[in-house]
Protein chains: 2
Amino acid sequence: MRLSRYYAPTLKETPAEAEVISHQLLLRAGMIRKLTAGIYTYLPLGLKALNNVAKIVREEMDRSGALEILMPAVQPADLWKESGRWDFYGRELLRFVDRHDRESCLGPTHEEVVTDLVRHEIRSYRQLPVNLYQIQTKFRDEIRPRFGLMRGREFVMKDAYSFDKDDAGADASYWGMYEAYARIFKRLGLKFRAVAADSGAIGGSFSHEFMVLADTGEDTIVACPACDYGANVEKAEAICPPAGDLAPCPAAEKIATPGQHTVEEVAAFLKVPAASVIKTLLYVADGKTVAALVRGDRELNEVKFKNLLDAKEDLRLATPEEVTAATGAPVGFAGPVGLSLPVYADRELALANDWVVGANAADAHLLHVDLGRDVNVVSFTDLREVAPGDPCPKCGALLDFTKGIEVGHVFKLGLKYSKALNATFLDEAGKEQFMIMGCYGIGVSRIVASAIEQNHDDGGIVFPPTIAPFEAALINLSPKDETACAKADEIYAALTAAGIETLLDDRDERPGVKFKDADLMGHPIQLTLGGKGLARCIVETKDRRTGEKGELPLEGFFEAFAAWRAGVRAGWGLE
Amino acid sequence: MRLSRYYAPTLKETPAEAEVISHQLLLRAGMIRKLTAGIYTYLPLGLKALNNVAKIVREEMDRSGALEILMPAVQPADLWKESGRWDFYGRELLRFVDRHDRESCLGPTHEEVVTDLVRHEIRSYRQLPVNLYQIQTKFRDEIRPRFGLMRGREFVMKDAYSFDKDDAGADASYWGMYEAYARIFKRLGLKFRAVAADSGAIGGSFSHEFMVLADTGEDTIVACPACDYGANVEKAEAICPPAGDLAPCPAAEKIATPGQHTVEEVAAFLKVPAASVIKTLLYVADGKTVAALVRGDRELNEVKFKNLLDAKEDLRLATPEEVTAATGAPVGFAGPVGLSLPVYADRELALANDWVVGANAADAHLLHVDLGRDVNVVSFTDLREVAPGDPCPKCGALLDFTKGIEVGHVFKLGLKYSKALNATFLDEAGKEQFMIMGCYGIGVSRIVASAIEQNHDDGGIVFPPTIAPFEAALINLSPKDETACAKADEIYAALTAAGIETLLDDRDERPGVKFKDADLMGHPIQLTLGGKGLARCIVETKDRRTGEKGELPLEGFFEAFAAWRAGVRAGWGLE
């Protein structure tokens, strides 16, 4: 493609609307434009990057034996009522009525539609397994869409759904997808990690997230430097020694703590470590108020707490009004003693007694609290978030903490949707059985953004070669010089014929503008032709990732270029 | 692909929901499934056909210099209000509010979005022309969706939009798209015709429809057998000699015509030809009632009438109540004499006098009416539909009438959207000018259906090789015979390596089932292996289009196959 005939409007200024670097650079490099909140148009460059990701995803899905279909964006409410999600999905499900007043929605996911499809087609175990996938535009009405393609309202996903006749088959389907995902992210040239993720009611190890590692990631990942353990912090188990017998502690005693609301304030005021104070958190779970206790220097892991409660909806912190109604005290003075709510404690709290807790009275705390003696705790379980210093649950080495962006998720669904929608088949014995399902998502448009979050510098985007809209930029410094143009055309034609997508900058612009645009757009390979180099019969090269510059002779160019290009790609871990 | 591992659930019975043949066969061949009214899931075979069409469309759009982008499905109401279409589009525009109560819609077309995009980017004539296209899923809330992919609510379209600095450029963009479309339909192996179409207010020859010829088409096309003239019947001019002087006719006379409502009844009752009677039709145009007159043996062309009136909304026939209110008579007795409405006459009516017309009184007509003498006619213009027997407006030969399915439309928009949305640029003189636009649509999913409407037989679909999900079916009649399987695998591998998409029927099914499924799915090339043929060292061949069968020797198979395949493709007009 010749840049003079292309549509890639770059911006000099960083648009005010963009908070994160991928959003800023996608706008500045002329790859996307905002239509309305969380909804973007892909310009030619952005669409090429999106399609490059989709192509690799498609190839690996096909290789895995999954079959591509295309399901609709508009879905009837009936199916969502049948699965029970019409009531539970919340306002992220955009609902509307059509001209005949039929309730409908814009699909954020397709479990219902695909289960409805196969329940009408599959009758026998002989037709199983089947794994159907699509690459399709989805809609999720995020309350606060932001971060460009990282969290848009309209976005492109690959979603796959497997149907198996038994657990062994479902597990094989699951691990087949896991392997396909690992191949996909490797081929995309991204540094990634597959981590165990929370799988809610399903349990076991049948949920993994694929994380692109980036400092700007919203997810925290723990990984063991010594073994292969890795997990989303939501899922990571906090190791705790078994509780032993405890020495008795003095009777509880109320003490004035005027204006001391936070654990840090209370600990400082009482001159005790924060680890001696219990944090009492009131949550509303499916409409009921409950209390969770963690050590003052720990954080509650809401996902663990939600799973413990088997709550249908996400938990929410009680409002100040609800706290006062439940405890009789303002926020900051809640405590478990005498509380008429179910109280759940992190298991670490069973290792000691003599705790400081809120007194359920304004400006007061209790000393010498023994949870076993003074409180009716429902259970002591793992409720806290792992933290630096925690050991690996598999091997005991200290865990590493990194940030990641979730770009893929494999999930064993089990019978959830097949039961709800009555998707059955006849097994070998002629008996009716529910199909065992798995679902597997990849955020195609999010991958483009996360590739930039992981790979950028002050000059702009640093695209991996397999994602880059153009692997090579060919900059003609002398677009008015016939010899330079002829040589540029010759190289351009040869690169294109070799299947290397090349953007020829043939614009009548200053060299500085051309170099800046090439850096901004992130072409992994830069070739510069013209000026003094041409007189010396060389092409200048630049590896966008390392910034390393070099020269290749015009004579015998293509052989030397192929070797140099292989080196650039090897730097990305690509063949 | 091996059919044993594929998902192509064929149906023996024709589903009751399907009225037209393409819909029936798409369902029966396991290509699509209905999710809800007018909304379909593409199964693997259907998606492959859709993608094959999209690929050719994309290649030819790229070749024409158009640049691919991807615009959103969800669009803000603001832009539609700015263009004025929010009020005029009607209920086919599916509207809703998002969680923040912002009015939005599902895009049935993207003139507003694309004009909004370029008005923010393009400042100078130097940036023009630009032609942006996308292949995207659209939604139109049809009141009565039917005919499967022919007229769905959710459908895939290619839409392109050109922006030019002057009329000459806009015309060049238009004809560039026209040529690209002609290449596309030729490469798709379809019998088609580009015809002049109604272009409403733009006028001139700047609207062409691309019609796939099929007896089941909803559109009537006229084409000249002697010259290159072709037009949608909506657009075709009805040739009329100039009016000369007329001999005076007797004074108008009222006559009883009890119970004679239709032209045929009145003509028979009065023993005159229908061509002596005037049909008076009352229409409501943008809220006002008007009358149109055509000869009794002619049909009014509503599009011509709408354009004459420059009406914003589609015309509708007056209700019986409205007819009685305007004429004082029941339906069937309306006439132009004494009518206090604007009266428009087809120009053919100026060629004669002494007409029979309705008397605006129950059971009565008038004889001897002279429109020039007795009626205040607003204008005599071309208002009737051409009919068999009419001459070509270009060369005078008798026109042919055929049926077609509209699959593409090229349209010069002019300034309509650039004015409404203020999309301007600075010209060479530094003066602000409106961009001149064109829009160009292709119904990608509709092409799949229309290919079937044009090409099918009792056995099922007869796909052109470039649209067929698999160009070749390779039927192994002896899937339990090791020699047959090895040979089938060998041929399958070679065809696949040659880029020929092949479906290997390796199922443990009876030969009759395999042949029936292959015919139903419409693979253009059928190869059969096994049984007695294998003993004789031959592969049986069948050209799905002609039904012609043959044999190719296993020895030297590929050379012979390539030659035979070239012949099959040549039969489709393909290289």
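In the nomenclature of an unreviewed UniProt entry, chain A is known as Proline--tRNA ligase of Solidesulfovibrio carbinolicus. Quoted verbatim from the Catalytic activity (unreviewed entry) field of UniProt, the annotation for chain A is "tRNA(Pro) + L-proline + ATP = L-prolyl-tRNA(Pro) + AMP + diphosphate". For the record of chain A, the UniProt heading Subcellular location (unreviewed entry) holds the text "Cytoplasm".

Trainee: So, the interface of chain B and chain A: which residues are in play, and what are the values?
Mentor: How big an interface is tends to be reported as the loss of accessible area on association of its parts. Contacts between chain B and chain A engage 51 residues on the former and 51 residues on the latter. Summing the contributions of chain B and of chain A, the shared interface buries around 4,400 Å²; its carbon and sulfur component is 64%. Our count for the contact surface shared by chain B and chain A stands at four salt bridges. Between R153 of chain B and D98 of chain A there is a salt bridge, with its nearest N and O atoms 3.0 Å apart.

Trainee: Requested: an account of the side chain of S173 of chain B, with residues and values cited.
Mentor: Residues and elements named next belong to chain B. Following the sequence through the fold, S173 ends up in helix α6 (residues 167-187). You can call S173 buried: its relative accessible area is 16%. Those residues in contact with S173 that lie beyond four places of it in its chain are S162, D164 and Y440.

Trainee: Lay out the relation of the copies chain B and chain A in plain terms, naming residues and giving numbers.
Mentor: At an RMSD of 0.2 Å, chain B and chain A line up after a rotation of 180° and a shift of 0.1 Å along the axis. What the superposition gives is, in effect, a two-fold axis relating one chain to the other. For chain B, the residue whose C-alpha comes nearest the rotation axis is F96 of chain B, separated from it by 3.0 Å. Both copies present the same face, since 100% of the interface residues in chain B are matched by interface residues at the equivalent positions in chain A.

Trainee: Describe the pairing of strand β31 (residues 549-553) of chain A, listing the residues and the values that go with them.
Mentor: Successive side chains on a regular strand alternate, one facing one side of the sheet and the next facing the other. Residues and elements named next belong to chain A. Note: strand β30 (residues 538-543) against β31, five bridges, orientation antiparallel. Bridging across to β31, T541 finds its partner in G550. The hairpin turn running from β30 into β31, its antiparallel successor, is five residues long, and G547 in that turn takes a positive phi close to 80°.

Trainee: Can you lay out the pattern of salt bridges for me, pointing to particular residues and giving the numbers?
Mentor: Scanning all chains against the criterion turns up 92 salt bridges over all chains. Note that K138 of chain A and D159 of chain A form a salt bridge whose closest N and O atoms lie 3.1 Å from each other. Here K138 of chain A, found in strand β7 (residues 130-139), pairs with D159 of chain A, found in strand β8 (residues 154-164); they are 21 residues apart in sequence, far enough to count as distant. Of the residues examined, K138 of chain A reaches a relative accessible area of 1% and is grouped as buried. On the basis of relative accessibility, which here comes to 3%, the residue D159 of chain A falls in the buried class. Notably, a salt bridge pairs R298 of chain B with E348 of chain B, separated by 2.6 Å at the nearest N-O pair. In this pair, R298 of chain B is assigned in the loop between β15 (288-295) and α8 (302-309) and E348 of chain B in the loop between β17 (343-346) and β18 (355-358), connecting sequence segments 50 residues apart. Owing to a relative accessible area of 14%, R298 of chain B belongs among the buried residues under this scheme. On the basis of relative accessible area, E348 of chain B is assigned to the buried category, the value being 8%. Put simply, K55, E59, E60, R63, R183 and R187 of chain A are held in one network by salt bridges that share partners.

About the thresholds
- Residues numbered from 1 in each chain as written.
- Chains lettered and ligands numbered in written order.
- Predicted model: local features only at pLDDT ≥ 70, side-chain atom pairs only at ≥ 80, totals over all residues.
- Heavy atoms only, no water.
- UniProt positions renumbered as here; feature names shortened; annotations may be inferred.
- Contact = heavy atoms within 4.5 Å.
- Buried area = accessible area lost by both parts, 1.4 Å probe.
- Salt bridge = Lys/Arg side-chain N within 4 Å of Asp/Glu carboxyl O.
- Helix = DSSP H or I, 4+ residues; strand = E, 2+ residues; numbered from the N terminus.
- Buried < 20%, exposed > 50% of the residue type's maximum accessible area, 1.4 Å probe, protein only.
- Least-squares fit on C-alpha atoms with pLDDT ≥ 70 in both.
- Pairing = 2+ DSSP bridges.

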